[in-house]
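So you can see what is in the structure, the chains are spelled out below.
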Amino acid sequence: IESILDNCPTLTKTLQWDSTDLRLHFKIAKQEPHHVGKTKWIPGPGTVDIIINENVLDAQGFNFSEVGNDNNIHYEYHGDVYERLVGMLMHEALHVMHCRQIQRALNVTDGNMPKAYEYLKKNGYTQEFLKIFFVGIDDTGVDDRHIFHFDPDREHIYILKYDHGAISEAIREYQMFLKLR
């Protein structure tokens, strides 16, 4: 993983921290069989965990045969298992980047969810992005934007629509590193 982080600037830049007071941790843990990895974050200062499923590890390193080529952003992988690892790390880095954007707004607004929502909206974040993290108008018409509600399916659709290029770029950088070493 260190070699990948050292040689994939797109991935590294996506994971860069600013004043959000969040720490990034990589972990290995058992997960559902079809998961390759996941990102775990709770709003507020603390940590963001990128958790790699122990099912993808074997004596030779990473082995994605246990999870197949099924993934929740429908990215088509064509290379070796390490390209697949780069893609998975970039996928999780995009989750981390989105968490960081929400945490930055919470820091600016002293943790106030309604103000964080308005801050993000005022700073150009689309309703499509905001709906990943905030509940909108409910069936009764009551405005409950202040309720944090992470919707992973909505975020995966967002990544599918807008972020495949970043995953492709990180894999291309990894391929260039391999050619030049």
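All values derive from a computational prediction rather than experimental measurement.

Cut-off values and rules
- Residues numbered from 1 in each chain as written.
- Predicted model: local features only at pLDDT ≥ 70, side-chain atom pairs only at ≥ 80, totals over all residues.
- Heavy atoms only, no water.
- Core = buried A, V, L, I, M, F, W, Y, C linked by side-chain atoms within 4.5 Å.
- Buried < 20%, exposed > 50% of the residue type's maximum accessible area, 1.4 Å probe, protein only.
- Helix = DSSP H or I, 4+ residues; strand = E, 2+ residues; numbered from the N terminus.
- Salt bridge = Lys/Arg side-chain N within 4 Å of Asp/Glu carboxyl O.

Caption draft 1: The arrangement of the nonpolar core in detail. Counting residues in each nonpolar core, the largest one holds 43 residues, and the members touching the most others are Ile4, Leu11, Val86, Ile102, Phe129 and Phe134. Those elements that place two or more of their residues in this core are helix H2 (9-15), strand E3 (46-53), helix H3 (81-108), helix H4 (113-122), helix H5 (127-133), helix H6 (152-162) and helix H7 (164-180). With 13 residues, H3 is the largest single contributor of residues to this core.

Caption draft 2: Just the pattern of salt bridges, in detail. According to the stated counting rule, one finds four salt bridges in the structure shown. Across the salt bridge formed by Asp49 and Lys27, the nearest N and O atoms sit 3.4 Å from each other. In this pair, Asp49 sits in strand E3 while Lys27 sits in strand E1 (residues 22-29), placing the two residues 22 residues apart along the sequence. A relative accessible area of 7% means that Asp49 is categorised as buried. A salt bridge links Glu169 to Arg172; the shortest N-O distance between them is 2.6 Å. With Glu169 and Arg172 both in helix H7 and three residues apart, the pair spans about one turn of that helix. The partly exposed category is assigned to Arg172, whose relative accessible area is 40%.

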